[in-house]
Amino acid sequence: MDKKIIVRMAPSPTGNLHIGTARTTLFNYLFAKKYGGKFILRIEDTDKERSTAEFEKNILDGLEWLGLKYDEFFKQSERTEIYRKYLKKMIDDGFAYISQETPTEEGQRNEVVRFKNPNKKIVFDDLIRGQVEFDTTELKDFVIAKSLEEPLYHLAVVIDDFEMGITHIIRGEDHISNTPRQILIQEAIGATRPIYAHLPLILDNDRKKLSKRNHGEAVWIDFYKKQGYLPEALLNFYALLGWNPGTEQEIFSLVELEKTFDIEKVQKSGAIFDEKKLRWINKEHLRLYEENSKKEIEKRIKNKFANTDINSKIVNLIFERIEVYSDVDKLIEVGELDYYFNEPELDSEKIAWKDSNSIEAKKHLTKILDVLDDNEAIMSYAELVGKGNVLWPLRYALSGKDKSPDPFTLLEILGKEKSTERVNKAIGLLK
Ligand code: GLU
């Protein structure tokens, strides 16, 4: 390809940054990077009733957080003059006309601008879907503007793509049925036809289209940001929504994706959004940034337990057990880490192993008190007098729970001093 590649992402600020939008942005970004092209972000806010500044901010903040940078930025609401000029010319040239209407619903106009449909067959080559054909007759003379100052989506998108020199239009498959209208307008204004690539829809595990109605906030990037997913992991996951490198590699940094991504390898069929896979990818990225991940874990624990010393052992244990930072909060909530952060409340009746009694338990705990830092010594004593007789009271003394990690893990996490304190306390409760 000798012409400089120029692509664009054109979100409408009528909702928060959606997974589908983020995925399409990523594919445009990667395509531009791979070929040393330009990536434009264009806010399509011609629909004044539904567009808001908050949604626009949410989209821009989300893209920044993900790390998807653009080379140029435009807003359609600032380009009315340009659209007006084209509209005027289309009317003068007979490609469009002002149509008198009989409003049937509230808010409809008496007058709109309609495109004069030449009623022809449109054929275009899609990089992903191959040849696509449409008969435009059924589209009739469709509306392209409410007035000279109020262009509608199809018109504004075509003018902008032409004015900005867009060479490739990479967008969701839901736009495929818009393409014939847009090609008709291109032909009317004498624009060159860009190359199209329509990306497969994103589906859930039941093959239902991902939507706010069916999936709630889980379609928004913020939802994942709040749970503590890493932006790098989300990008990695989005890249695999419809694309795969054809190798075994599944974990990619953005820079690796820039090199490997190939639009022609994108599949036609729906891309399944698998949350388990996302969690797994996130875990792999946590490992890539192990130091940072552990710092974040520590920070989250400190938020919940302000005055606790946190040693690296507990952090390592938690690091192994989580896939997403919000899992730390969950572990804390369900009490999985209570033994560490709270002094256990012991029930003296529960200290002794079921076949044993408190005199025995007291004897065993006293015996191992001096060797709490020596697993082998504890184990050989336990083997001598019966494992349960020793390991149960020890585990219970340390955790105060019927279920907890094994006593050796607890000893390691709690450290000698805390462990000794707790075992002593248990001994004190026994007759
Ligand atoms: N503004 C359109 C949308 O948000 C996208 C236009 C396009 O990519 O052609 O759905």
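Here the structure is shown first, and the text comes after it.
Residues numbered from 1 in each chain as written. Predicted model: local features only at pLDDT ≥ 70, side-chain atom pairs only at ≥ 80, totals over all residues. Heavy atoms only, no water.

**Things to note about helix 8 (residues 231-239)**
Within helix 8, eight of the nine residues are buried, which leaves the element mostly enclosed by the surrounding structure. Among all positions in helix 8, only Pro231, Ala233, Leu234, Leu235, Asn236, Phe237, Tyr238 and Ala239 are buried. Buried residues along helix 8 sit against helix 1 (19-34), helix 2 (53-66), helix 7 (221-226), helix 9 (254-260) and helix 10 (275-288). (Buried < 20%, exposed > 50% of the residue type's maximum accessible area, 1.4 Å probe, protein only. Helix = DSSP H or I, 4+ residues; strand = E, 2+ residues; numbered from the N terminus. Contact = heavy atoms within 4.5 Å.)

**Observations regarding the site of the ligand**
In the vicinity of the ligand, the contacting residues are Arg8, Ala10, Pro11, Ser12, Glu44, Tyr153, Val157, Arg171 and His175. In the environment of the ligand, an oxygen atom lies 3.2 Å from a nitrogen or oxygen atom belonging to the side chain of Tyr153. Measuring from an oxygen atom of the ligand, one finds a side-chain N or O atom of Arg171 at 2.7 Å. The fraction of the free accessible surface of the ligand (300 Å²) that becomes covered by protein chains is 81%. Classifying every residue of the shell around the ligand by side-chain character gives four nonpolar, two polar and three charged. (Near = heavy atom within 4 Å. Polar contact = N/O pair within 3.5 Å; in protein donor to acceptor, adjacent residues only side chain to side chain. Areas by Shrake-Rupley, 256 points an atom, 1.4 Å probe, with all protein chains shown as cover. Nonpolar A, V, L, I, M, F, W, Y, C, P; charged D, E, K, R; others polar.)

**A closer look at the environment of Ala53**
Topologically, Ala53 is positioned in helix 2. We classify Ala53 as exposed; its relative accessible area is 56%. In sequence terms Ala53 and Asp327 are 274 residues apart; their C-alpha atoms lie 33 Å from each other.

**Some details on the sheet that holds strand 5 (residues 111-115)**
Read from one edge to the other, the open sheet built from four strands follows the order 4-5-8-9, with strand pairing classed as antiparallel. Either end of the sheet is taken by a strand with one partner, and the two such strands are strand 4 (96-100) and strand 9 (150-151). For strand 4 and strand 5, the ladder comprises five bridges, and the chain directions are antiparallel. For Gln100, the partnering residue across the bridge sits in strand 5 and is Glu111. (Pairing = 2+ DSSP bridges.)

**What to know about helix 19 (residues 407-429)**
Compared with an ideal rise of 1.5 Å per residue, which puts 23 residues at 33 Å, helix 19 spans 19 Å between its outermost C-alpha atoms and falls more than 12% short. Roughly 115° is the biggest bend found in helix 19, and it falls at Gly415. Those residues of helix 19 that sit buried are Pro407, Phe408, Leu410, Leu411, Ile413, Leu414, Gly415, Ser419, Arg422, Val423, Ala426 and Ile427. Buried positions along helix 19 lie against helix 12 (312-321), helix 14 (338-341), helix 15 (348-351), helix 16 (358-368), helix 17 (375-385) and helix 18 (387-399). (Expected span 1.5 Å × (residues − 1). Bend = angle between axes of the 7 residues up to and from the residue.)

**Examining the pattern of salt bridges**
The full count for this structure, using the stated rule, is 34 salt bridges. The partner of Lys57 in a salt bridge is Asp61, and the shortest N-O contact between them spans 2.6 Å. Taken together, the residues Lys57 and Asp61, both in helix 2 and four residues apart, mark about one turn of the helix. The exposure class assigned to Asp61 is partly exposed, which follows from its relative accessible area of 33%. Put simply, Arg79 and Asp160 hold a salt bridge, and the shortest N to O gap is 2.9 Å. Of this pair, Arg79 sits in the loop between strand 3 (72-75) and helix 3 (80-92) while Asp160 sits in helix 4 (residues 153-163); the two residues are 81 residues apart in sequence, bridging distant segments of the chain. Considered together, Arg79 and Asp160 belong to a single accessibility category, that of buried residues. Residues joined by salt bridges that share partners form a network here, namely Arg8, Arg42, Glu44, Arg79, Asp160 and Asp161. (Salt bridge = Lys/Arg side-chain N within 4 Å of Asp/Glu carboxyl O.)

**Some words on unusual backbone geometry**
One non-glycine residue with positive phi stands out, namely Lys140, at about 55°. Position of Lys140 relative to the elements: it lies in the loop between strand 7 (130-135) and strand 8 (143-147). Judged by its relative accessible area of 61%, Lys140 is exposed. For Arg207, which is not a glycine, the phi torsion comes out positive at approximately 65°. Checked against the element boundaries, Arg207 lands in the loop between strand 12 (202-203) and helix 6 (212-215).

**Overview of the packing of aromatic side chains**
Inspection of the entire model under this criterion finds 17 aromatic pairs. Residues Phe223 and Tyr224 carry aromatic rings whose centres are separated by 5.0 Å and whose planes lie at 80° to one another, so their mutual orientation is edge-to-face. Taking relative accessible area as the criterion, Phe223 reaches 29% and is therefore assigned partly exposed. One aromatic cluster in this structure is built from Phe223, Tyr224, Tyr229, Phe237, Tyr238 and Phe273. Over the face of the ring belonging to Phe142 we find Arg181, whose NZ or CZ atom lies 5.7 Å from the ring centre. (Phe/Tyr/Trp six-rings, centres within 6.5 Å; stacked < 30°, edge-to-face > 60°. Lys NZ or Arg CZ within 6 Å of the ring centre and 35° of its normal.)

**Concerning the packing of helix 16 against helix 18**
Direction vectors running N to C along helix 16 and helix 18 enclose 80°, while the axes themselves pass 9 Å from each other. Judged on the interaxial angle alone, helix 18 and helix 16 are roughly perpendicular. Contacts between helix 16 and helix 18 involve Ala361, His364, Leu365 and Ile368 from the former and Asn389, Val390, Pro393 and Leu394 from the latter. Classifying every residue of the contact of helix 16 with helix 18 gives six nonpolar, two polar and no charged. (Axes fitted to C-alpha atoms, helices over the stretch in contact; angles between N-to-C directions. Parallel < 35°, antiparallel > 145°, perpendicular 65-115°, else oblique.)

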